[in-house]
Amino acid sequence: MNLNLQFFISAIAYGTIILYGALGEILTEKSGNLNLGVPGIMYLGGIGGLASAFLYEISTPTPNPVVCLLLSFVCAFVAAALGGLLFSFLTTTLRVNQNVTGLALTTFGGGVANFFGGALNTMAGGVGQISVAVTSGAYRTSLSFSQPVLNLLLGRGFMVYLAVLLAIAMSLFLNRTRRGLNLRAVGENPATADAAGINVTKYKYLSTCLGAGISGLGGLYYTMDYTMGTWGNDAALEALGWLAVALVIFATWKPLNVIWGSYLFGLLTWLYLYIDGLTRSSQELFRMLPYVVTIVVLILISIRKKRENQPPASLGLSYFREER
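The written sequence of each chain sets the order in which its residues are numbered from 1. The model is predicted, so local features are restricted to residues of pLDDT at least 70 and side-chain atom pairs to those at 80 or more, both for listing and for counting; the totals for chains, interfaces and linings are taken over all residues. To get the side-chain values, take all heavy atoms of the structure and skip hydrogens and water.

Asks: Give a description of the overall build of the chain that names residues and reports values.
Replies: In this text, helices come from DSSP runs of H or I with a minimum length of four residues, and strands from runs of E with a minimum of two, each type numbered from the N-terminal end. A tally of regular secondary structure across the chain gives 14 helices and 0 strands. When the helices and strands of the chain are placed in sequence order, the string is α-α-α-α-α-α-α-α-α-α-α-α-α-α. It is over C-alpha atoms that the radius of gyration is taken, and the globule rule equals 2.2 Å times the number of residues to the power 0.38. For 324 residues, the compact-globule estimate of 2.2 N^0.38 gives 20 Å, and the C-alpha radius of gyration of the chain, at 20 Å, lies within 12% of that figure. Along the first, second and third principal axes, the C-alpha atoms of the chain reach 60 × 50 × 40 Å. The cut-offs for exposure are 20% and 50% of the maximum accessible area for each residue type, with area from a 1.4 Å probe on protein chains only; residues under the lower value are buried, those over the upper are exposed, and the others partly exposed. Buried positions account for 49% of the 324 residues belonging to the chain.

Spelled out as structure tokens, the structure:
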């Protein structure tokens, strides 16, 4: 396969993982909750989907691909959403510091996932021996196109297209629906939204749990498509989770910007492998590019001070109704 073509295919795979993580975090942050636990939540989604698929396949002589896909998809979403529920309880109900809670959730999610991932490896007979061929095959079944080059670039599994459709749907929800506008009002000024009769607590809980579930789908895509149904402790998924957090800032909290931004991040992530003559130190500098680009965007946003490019006004702040 042409090296340049492989470069773009790898960028699509990495970009899709980041896209799910960033979309979930945008939905969360629109409510005013700053969840830095995205890497941990993606871990929970990945292990939830993998564990359910593995247990189903080893207990069934002839696993049904549709059942495999639905079971792993639902379990991944629920496992990640439970992580969002924990975050919501701590920050919305108990009003714990959101930054500390998010970082703790990253550590917690990674620890839980690696613990159960190690258990699955032991059950399967060793690292790399987990077999969920039917489930992984269902996720990696490509949609065929007539043109060979187009088929190589776009003939991916359904989750690639689902991520793009989800971004479009989220943009329409936030900008064109009453509930979306209510959610944005909660993120901008919860006291005013509360006075207008909007249930601030409900919106914060729902957006954070749903956002976490969406982010968890990035972990599911990573385990089922990118690593083809295996589990490793190489921390690659955690790095992608932090890229998803950075992408939210890069995209200025707009779901449509996340689409092209995620694939740009995917290209920048793999760029160092396709430039000849780089030393190891130079490679590390190139791997910093997505974060450098995010910092540049953040500086430009601060200088221009355009309101539509700013984060929600109450982002990261707990709401105390008694102080309204």
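Right, picking up where we left off after that structure.
Asks: Pulling in residues and values, what's your account of the packing of helix α3 (residues 65–93) against helix α10 (residues 200–226)?
Replies: A fitted line through C-alpha atoms serves as each axis, taken over the contacting stretch for helices, and the angle formed by two N-to-C directions is quoted from 0 to 180°. Put simply, α3 and α10 touch, their axes get as near as 7 Å, and they point 140 degrees apart. Between α3 and α10, the crossing angle belongs to the class labelled oblique. Remark: the crossing between α3 and α10 carries right-handed chirality. Any residue outside Ala, Val, Leu, Ile, Met, Phe, Trp, Tyr, Cys, Pro, Asp, Glu, Lys and Arg is labelled polar, Gly included; the first ten of those are nonpolar and the last four are charged. Of the residues that constitute the contact of α3 with α10, the class distribution is 16 nonpolar, 9 polar and 1 charged. Any angle from 65 to 115 degrees is called roughly perpendicular, while one under 35 is roughly parallel, one over 145 is roughly antiparallel, and all others are oblique. Here a crossing is called left-handed whenever its near helix is offset anticlockwise from the far helix by less than a right angle, and right-handed whenever the offset is clockwise.

Asks: Please set out the environment of G266 residue by residue, giving values where relevant.
Replies: Inspection of the secondary structure puts G266 in helix α12 (residues 255–270). Residue class for G266 comes out buried when judged on its relative accessible area of 0%. In this structure, the C-alpha to C-alpha distance between G266 and N99, residues 167 residues apart in sequence, is 26 Å. In this view, G266 contacts A11, Y14 and G15; residues no more than four positions away in its chain are not counted. Contact criterion: two residues are considered in contact whenever any of their non-hydrogen atoms come within 4.5 Å of each other.

Asks: Provide a residue-level description of the environment of L69, including the pertinent values.
Replies: As for its placement among the helices and strands, L69 is situated in helix α3. Taking C-alpha positions, L69 is 37 Å from A185, a pair spaced 116 residues apart along the chain. Once residues lying within four places of it in the same chain are set aside, the contact partners of L69 are A138, Y139 and F158.

Asks: Explain the packing of helix α13 (residues 280–287) against helix α14 (residues 289–304) to me, and be specific about the residues and the numbers.
Replies: For the pair α13 and α14, the least separation of the axes is 5 Å and the interaxial angle reads 40 degrees. Classed by the angle they form, the pair α13 and α14 counts as oblique. Residue-level contacts link L285, F286 and R287 of α13 to L289, P290 and Y291 of α14. For the contact of α13 with α14, the residue count by class is 5 nonpolar, no polar and 1 charged.

Asks: How would you sum up the side chain of K204? Please name residues and give values.
Replies: Inspection of the secondary structure assignment puts K204 in helix α10. Buried K204, no salt bridge; nearest opposite-charge side chain is D194, N-O distance 11 Å. Looking at K204, its side chain comes within polar contact range of the main-chain oxygen of S31, at 2.8 Å. The residues contacting K204, other than those within four sequence positions of it, are S31, G32, N33, S88, T92, V186 and Y319. For this count, His and the chain ends are skipped, Lys and Arg are scored as positive, and Asp and Glu as negative. Salt bridges are defined by distance alone: a side-chain nitrogen of Lys or Arg within 4 Å of a carboxyl oxygen of Asp or Glu. Distance and chemistry together define a polar contact, namely a pair of N or O atoms within 3.5 Å, with one atom able to donate a hydrogen and the other to accept it when in protein, and with adjacent residues in sequence counting only for side-chain atoms on both sides.

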